[in-house]
Structure formats: structure tokens, C-alpha cells
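Results of the structural survey
Below are the chains, spelled out letter by letter.
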Amino acid sequence: MTYPQHTFAVAPMMDWTDRHCRFLHRLLTKRSLLYTEMVVADAVIHGDRYRLLGFDPVEHPVALQIGGSDPDKLAEAARIGADFGYDEINLNCGCPSDRVQSGTFGACLMQTPELVANGIAAMRSAVSIPVTVKCRIGVDDQDPEEALDALASAVLDAGADALWVHARKAWLQGLSPKENRDIPPLDYDRVYRLKQKFPHVFIGINGGVQDLNQAAEHLRHVDGVMMGRAAYHNAAQLADVDRLIYGEELAPVDWADVRDAMMEHAARHLAAGGRLVHVTRHMIGLFQGVPGARRFRQILSERSSQRGAGPEVIGEAFAAMEGLDSRLAA
């Protein structure tokens, strides 16, 4: 995979960016880079690989994010991911959760650049697809100027193809994972300076990006922009990514096509033994701020968990949004 000059990505988010979420997002944007939830290397190697790694071919380009620190395990997990058909393998060096720290991976790896570099080198030797890193600007009392440069230099020397930087510190002591998404201040300029130091390396930015106007502004300074919770909770804005970020002249999203595709996807999931709510939970915020969205959410929330609920629930929810295209354009 070759990164375009400007790349828009939907961030990897635990419990959110599963295969059903990514299927929905791909219906809205053909060009965005999509990421899996983080999957621990041990789980990739020893777990139910289809459940953990399976995805629909329409999701391409899609990247697998791996958590871990043991070079041999990271290499094996990367190889498995590449064999599954992923377009990129990403190493998580940014998650601040206690579970991640106890496993010696995630944001705590900012403190051991050499260990991360060993992992990247092992992954790079195991696969031919891009190997990338997602990190913070530092952790705890680290100086972000020194910490980010140290990690970037180490992983790039080891062969990393790109670096995605969440423009906040992670506080491993004293803040919860949720607080780590909001309380440490954003420092976009620090990421911009990293790009200036490595002008020929793909540097992407993450953290606090709320809309596509902000994304476009970041792309004046870095190569890529990654949107997380805002893309999930207000997914309809993804329908403008290909036009605003990639400059493609496309017809507006046909919401009837989105409805039909999600109903068909839900039917396949139900036939495989799944539940409708596994699919519809990612659609709840699809029309945030659009008149009629409350009824849309109500139908999906109340009906999807009922016994025997089928794809028709999705159809009923969309029916409550009659005149949808004109409302989105208003």
C-alpha cells in the first residue's frame, strides 16, 4: 500500500471499530483508511483468528492494529495479519489502560524506544506490507520534545513506514483511560515539528479532531489525519471525506443504498449466528443533529435487542428518516 499525499483515517477504538463498524464506514467513504480495534499479539497467535481478524473484502484499505512487545510474537502476529489480507500492520504504543500496561505494551512503550524498534524490525522482516506505529507525544513526566523524537528515530531506523501521533501525553498514573482522552492538553504543534524534522516520512496526527474542516487544516502541516470518536458518533460526516480530503467529484451518498447494504450485512451476520444489535449499535449516531434522528435512534435501540429482531428493524429506522437527503443538505 502506498500512502497518498493526504490520508484520512478512522482511528482504532476498542469495542467500537469492529468489522460491523468498518463495514458501515466503508459505505460512506471509499478512500479512508480504516483500522481494527487493537488485538493483542498472543490473541492473534492463539485465539479464534476468524472471530478476531475476519473482515469483509469491501473494507479495504484496512489496517490491523496489534498490541505487544515481544519481537517474535509481534512478527508472528504480523505475518498472520498479512496472510488474512490486511493492508497494513500497526503497533499500538499509545493506549494507556491498566491492562495494556500490565502486558508491557501500549503507551508505556514510549519509555523503551529500543524495545519498540526491535519489535518493528521483527515485524518488518516478517511481512511485505507497511508496518506503522501509533503513539503519544510522551508519557507521565517525559519531555515530549525528547520522548517523541527518541521513539520516532528508533522506529524509523528500524524500518517503520509511517508514524501516527496522538497529540497528547498519556498519564499512566492517576488518570483513567477515558480521562487520558481529554485531560492531558493537546499539542498539535509538537506533531507539526516532528514532521518538519522528518520531511520525507509519513507523519499523521490524531486527537481531538471533530470535523473535516479541522482535518483539512491539519493536512496543511502533516501527511495524515485520524479522527476517532467524532467519526464514530457522527458517522454521516464521513460521507464528505472523499470529496473534501481526496478531491474526488462523487455523487452524494445514496442513503437507500446504505440502508439496503446494512440490511444485507445484518442478514448475513444473523445467518452466521450473530445478533442484530452487534450491527445496529454502530448506527445509533449516524444522523446526529439531523431532524428525525431521535426516532431513528429509538427504533434501533429498542428493537434491535428483542428476540427475533431482524434486518427489517434497520429498514424501519430509515423509514423514520423520510426526506433524509434534503435534511442532511439543509
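Before any of the text, the structure's been laid out above.
Right, let's walk through the structure included here.

So, how was this worked out
- Residues numbered from 1 in each chain as written.
- Predicted model: local features only at pLDDT ≥ 70, side-chain atom pairs only at ≥ 80, totals over all residues.
- Heavy atoms only, no water.
- Helix = DSSP H or I, 4+ residues; strand = E, 2+ residues; numbered from the N terminus.
- Buried < 20%, exposed > 50% of the residue type's maximum accessible area, 1.4 Å probe, protein only.
- Expected span 1.5 Å × (residues − 1).
- Contact = heavy atoms within 4.5 Å.
- Salt bridge = Lys/Arg side-chain N within 4 Å of Asp/Glu carboxyl O.
- Pairing = 2+ DSSP bridges.
- Right-handed = clockwise from strand over helix to strand, strands pointing away.
- Axes fitted to C-alpha atoms, helices over the stretch in contact; angles between N-to-C directions.
- Parallel < 35°, antiparallel > 145°, perpendicular 65-115°, else oblique.
- Left-handed = near helix turned anticlockwise from the far one by under 90°.
- Nonpolar A, V, L, I, M, F, W, Y, C, P; charged D, E, K, R; others polar.
- Phe/Tyr/Trp six-rings, centres within 6.5 Å; stacked < 30°, edge-to-face > 60°.
- Polar contact = N/O pair within 3.5 Å; in protein donor to acceptor, adjacent residues only side chain to side chain.
- Core = buried A, V, L, I, M, F, W, Y, C linked by side-chain atoms within 4.5 Å.

1. Looking at unusual backbone geometry
Following His 60, the chain continues to Pro 61 via a peptide bond in cis, the omega torsion being -5°. Structurally, Pro 61 can be placed in the loop between helix H3 (49-53) and strand S3 (62-67). Although it is not a glycine, Asp 140 sits at a positive phi angle of roughly 50°. Residue Asp 140 is classed as buried on the basis of its relative accessible area of 15%.

2. Remarks on helix H6 (residues 113-126)
When the terminal C-alpha atoms of H6 are compared, their 20 Å separation across 14 residues agrees well with the 20 Å that a helix rising 1.5 Å per residue should span. Buried residues of H6: Pro 113, Val 116, Ala 117, Gly 119, Ile 120, Ala 122, Met 123 and Ala 126, and no others. Buried-residue contacts for H6 involve helix H4 (71-84), strand S4 (88-93), strand S5 (131-139) and helix H7 (144-157).

3. Considerations on the pattern of salt bridges
All chains considered together, the criterion is met by 15 salt bridges. Between Glu 76 and Arg 79 there is a salt bridge; the shortest N-O distance is 2.5 Å. Of this pair, Glu 76 and Arg 79 both sit in helix H4, three residues apart, which is roughly one turn of the helix. On the accessibility criterion, Arg 79 (34% relative accessible area) is partly exposed. Here the salt bridges do not stand alone but share partners, grouping Glu 145, Asp 149, Arg 190, Arg 193 and Lys 197 into one network.

4. Considering the pairing of strand S7 (residues 202-206)
With five of five residues buried, S7 lies mostly within the body of the structure. Neither face of S7 is left uncovered, since the one carrying Phe 202, Gly 204 and Asn 206 and the one carrying Ile 203 and Ile 205 both have all their residues buried. Taken together, the five bridges between strand S6 (residues 162-170) and S7 define a ladder with parallel strand orientation. The residue bridging Leu 163 from the neighbouring strand is Ile 203, located in S7. Pairing geometry for S7 and strand S8 (residues 224-227), over three bridges, is parallel. The residue bridging Asn 206 from the neighbouring strand is Met 226, located in S8. Each parallel crossover has a hand, and the one from S7 via helix H9 (residues 212-218) to S8 is right-handed.

5. A few points about the packing of helix H14 (residues 293-303) against helix H15 (residues 312-319)
Across the interface, H14 lies against H15 with an axial gap of 8 Å and an inter-helix angle of 160°. By the criterion of interaxial angle, the relationship of H14 to H15 is roughly antiparallel. Taken as a pair, H14 and H15 cross one another with a handedness that is right-handed. Residues Phe 296, Ile 299, Leu 300 and Arg 303 of H14 pack against Val 313, Ile 314, Glu 316, Ala 317 and Phe 318 of H15. Among the residues making up the contact of H14 with H15, the classes are represented as seven nonpolar, no polar and two charged.

6. Quick word on the sheet that holds S7
Read around the closed barrel, eight strands run S1-S2-S3-S4-S5-S6-S7-S8, paired in parallel fashion. Adjacent strand axes in the sheet meet at a mean angle of 30°, parallel and antiparallel pairs treated alike. Strand direction decides the pairing type here: strand S1 (residues 7-10) and strand S2 (residues 33-40), joined by two bridges, are parallel. Across the sheet, residue Val 10 finds its bridge partner in S2, namely Leu 34.

7. Structural notes on the packing of aromatic side chains
Under the defined criterion, the tally for this structure stands at seven aromatic pairs. Seen in terms of ring centroids, Phe 287 and Phe 318 are 5.8 Å apart; in terms of plane orientation they differ by 90°. Their pairing is edge-to-face. Pair noted here: Phe 287 is in the loop between helix H13 (276-280) and H14 and Phe 318 is in helix H15, with a separation of 31 residues, a long-range link. Residue classification places Phe 287 among the buried residues on the basis of a relative accessible area of 1%.

8. A word on the side chain of His 282
Along the polypeptide, His 282 turns up in the loop between H13 and H14. Taking the relative accessible area as the measure of exposure, His 282 reaches 3% and is therefore buried. In terms of polar contacts, His 282 uses its side chain to reach the side chain of Asp 18, at 2.8 Å. Residues contacting His 282, with those up to four places away along its chain left out, are Asp 15, Trp 16, Asp 18, His 20, Cys 21, Leu 24 and Tyr 232.

9. Section: the nonpolar core
Ranked by internal contacts, the top residues of the largest apolar core, which has 105 residues, are Phe 8, Ile 120, Trp 255, Phe 287 and Phe 318. Setting aside chain neighbours within four positions, we find Phe 318 in contact with Trp 255, Val 258, Arg 259, Met 283, Leu 286, Phe 287, Phe 296 and Leu 324. Judged by nonpolar contacts, the second largest core, of nine residues, contains Ala 9, Ala 11, Ala 162 and Phe 202.

10. Quick look at the environment of Leu 276
One can find Leu 276 in helix H13. For the pair Leu 276 and Gly 310, spaced 34 residues apart in sequence, the C-alpha to C-alpha distance is 6.3 Å. Beyond its immediate chain neighbours, meaning those up to four positions away, Leu 276 contacts Ala 266, Leu 270, Ser 304, Ala 309, Gly 310, Pro 311, Val 313 and Ile 314.

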